[in-house]
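Coordinates in review
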Amino acid sequence: MSNYQKAIVIGRFQIYHKGHELLTRQALEIADEVLVIVGSSFQSRNIRNPFKWTERAEMILSTLPESDRIRLKFLPVRDYYNDALWNADVRRQVGECVSSTDRIALVGFKKDDTTYYLDNFPAWRMVDVESSLDIDATDLRQLFFEAETVNQALAEMAERIPLPVSHFLNAWSLDSVYDHLKSEHAKIKQDNQVYTGIPWDVISTTVDALVTVNGHVLLGQRKNYPGKGLWAIPGGFLEKRESLLHGAIRELKEETSLDISDTALRKSLAAVKVFSHPRRSCRGRVITHVHHFSLSGWPLNDDVWPTIQAADDLESVAWIPFCRIPAMEEELFEDHFAILFDFLPVHA
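Residues numbered from 1 in each chain as written. Predicted model: local features only at pLDDT ≥ 70, side-chain atom pairs only at ≥ 80, totals over all residues. Heavy atoms only, no water.

Examining the nonpolar core
This is how the line gets drawn: To define a nonpolar core, start from buried Ala, Val, Leu, Ile, Met, Phe, Trp, Tyr and Cys residues and group those joined through side-chain atoms within 4.5 Å. Relative accessibility thresholds used throughout: buried, under 20% of the residue-type maximum; exposed, over 50%; partly exposed, between the two (1.4 Å probe, protein chains only). In what follows, a contact means two residues having at least one pair of non-hydrogen atoms within 4.5 Å.
One finds I15, V107, F144, M157 and L169 to be the most contacted residues of the largest nonpolar core, which totals 43 residues. Residues contacting F144, with those up to four places away along its chain left out, are I15, F51, V150, A153, M157, L169, W172, S173 and Y178. Counting 19 residues, the second-largest nonpolar core is a separate cluster that includes V290, F337, I339 and F343.

Re the sheet that holds strand 1 (residues 4-11)
Quick reminder of the rule: At least two bridges found by DSSP between two strands is the condition for calling them paired. Secondary structure elements follow DSSP: runs of H or I no shorter than four residues count as helices, runs of E no shorter than two count as strands, and numbering proceeds from the N terminus. Every axis corresponds to a line fitted to the C-alpha atoms, with the helix fit spanning only the stretch in contact, and the corresponding angles, defined between N-to-C directions, vary from 0 to 180 degrees.
Spatially, 3-2-1-4-5 is the arrangement adopted by the five strands of the open sheet, whose pairing is parallel. In the strand order of this sheet, the two ends are held by strand 3 (72-78) and strand 5 (125-128), each with one partner. Direction aside, the axes of adjacent strands within the sheet are offset by 25 degrees on average. Here four bridges tie strand 1 to strand 4 (residues 104-108), and the two strands are oriented parallel to one another.

Section: the side chain of Q93
The cut-off we apply is this: For the purposes of these results, a polar contact is taken to be a pair of N or O atoms within 3.5 Å, where, inside protein, one atom must be able to donate a hydrogen and its partner to accept one; residues adjacent in sequence count only when each atom of the pair is a side-chain atom.
Within the secondary structure layout, Q93 lies in helix 4 (residues 83-95). Judged by its relative accessible area of 11%, Q93 is buried. Engagement of the side chain of Q93 in a polar contact is seen with the backbone oxygen of P76, the distance being 2.8 Å. With residues up to four places along the chain from it excluded, the contact list for Q93 reads L75, P76 and V77.

A word on the pairing of strand 6 (residues 205-213)
Buried residues dominate strand 6, accounting for eight of its nine residues. If you look at the hairpin formed by strand 6 and strand 7 (residues 216-222), you'll find two residues sitting between the two strands, and N214 has a positive phi there, around 45 degrees.

Regarding the packing of aromatic side chains
Under the convention used in this document: Planes of paired rings set the category: under 30 degrees apart is stacked, over 60 is edge-to-face and the rest tilted, where pairs are Phe, Tyr or Trp rings (Trp by its six-membered ring) whose centres lie within 6.5 Å.
This structure, assessed with the given rule, holds 15 aromatic pairs. Measuring from ring centre to ring centre gives 6.4 Å for Y116 and Y117, while their planes differ by 70 degrees; the resulting arrangement is edge-to-face. Overall, Y117 belongs to the buried group, its relative accessible area being 19%. Between F144 and Y178, the ring centres sit 4.9 Å apart and the planes meet at 45 degrees, which makes this aromatic pair tilted. Here F144 is found in helix 5 (residues 137-146), whereas its partner Y178 is found in helix 8 (residues 176-194), with 34 residues between them in sequence.

Brief notes about the environment of A171
Relative to the helices and strands, A171 resides in helix 7 (residues 163-172). On a C-alpha basis, the gap between A171 and P76 in space is 23 Å, while along the polypeptide they are 95 residues apart.

Thoughts on the environment of S183
With respect to the element layout, S183 can be found in helix 8. Given a relative accessible area of 32%, S183 falls into the partly exposed group. S183 sits 43 residues away from P226 along the chain, and the two C-alpha atoms are 8.7 Å apart.

Topic: the side chain of Q5
Here Q5 is to be found in strand 1. Judged by its relative accessible area of 18%, Q5 is buried. A distance of 2.8 Å separates the side chain of Q5 from the backbone nitrogen of R103, its partner in a polar contact. Contact partners of Q5, with chain neighbours within four places excluded, come to A31, D32, E33, T101, D102 and R103.

So, the packing of helix 6 (residues 150-157) against helix 7
For the record, the criterion: Between 65 and 115 degrees an angle is taken as roughly perpendicular, under 35 as roughly parallel, over 145 as roughly antiparallel, and anywhere else as oblique. Handedness of each helix crossing follows the sense of rotation of the near helix against the far helix: counterclockwise by less than a right angle gives left-handed, clockwise gives right-handed. Residues are grouped as follows: Ala, Val, Leu, Ile, Met, Phe, Trp, Tyr, Cys and Pro are nonpolar; Asp, Glu, Lys and Arg are charged; all remaining types, including Gly, are polar.
Put simply, helix 6 and helix 7 touch, their axes get as near as 10 Å, and they point 165 degrees apart. The angle between helix 6 and helix 7 places the two elements in the roughly antiparallel class. Crossing of helix 6 against helix 7: the hand is right-handed. Between helix 6 and helix 7, the contacting residues are V150, N151, L154 and M157 on the first element and S166, L169 and N170 on the second. Looking at the contact of helix 6 with helix 7 residue by residue, the classes come out as four nonpolar, three polar and no charged.

Structure (structure tokens):
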């Protein structure tokens, strides 16, 4: 008889390695069913989150016999960049899978401060797994995207990932998305080398301009890496001698050619919020200040809209209805879905 009806394993599993596998197998040993919380789900692909949650589930299942596969249930959770919202979503999804009489275990390995989330669920019995494995998924991803060949990368990862995962990665690398992410990784690495020796906090302030009018938001499609082809809120890095508001308006005008005066934009400023989650950007520690310009009262009809035209770092620009945002989650750059979710009446 199992000790628990349900065991919970939480992770991003980018890439699924032998440390993750140890947790999964321990959970299967002590419980009838294992609920796998897959973090960073629904986000657009980037070098930190290259695999969709369904692909990560496929990796995990590939390492198990059929008798164990049927005992796993995957619960995808998006990044809210807000612990309270994230914790609530995890509890909600788990609550839909358990009964009031179930004994529940949370299986984890507290390796460092990145696993602080394991302390956020005191209602579940913590089963702390001891491990001598010292495997960092960040190092695996770096190797995967930097190696000259996939075979070379897989050979160097062989001791740290299950063999079925190696087969999965080899097949996955044949998709064009692998070359796309390799290019993105190379561009970010090149940019970081430019700033070698400069304190990261000096170059990490960005400003974004979230412009709304009559149930629409102004978004642009990025022309270059990182985030090439993804939709984003117009913005960029703050320049040395400008205020935050000045920088937000400058970036907005440079990227979208929005035909509204600076004075009118200042008058339409509805709110400013800071987004500072340490993992919100693959470019490093980037803190952004989002300025919400609400153009309420603009006399819109089918023929009269504020004029926009893509420029600078954007391939195209568009007024997107709020109702379309939920379906665009995997097409949005970095944490921009979470930002839109915070500002707008968007129901994910």
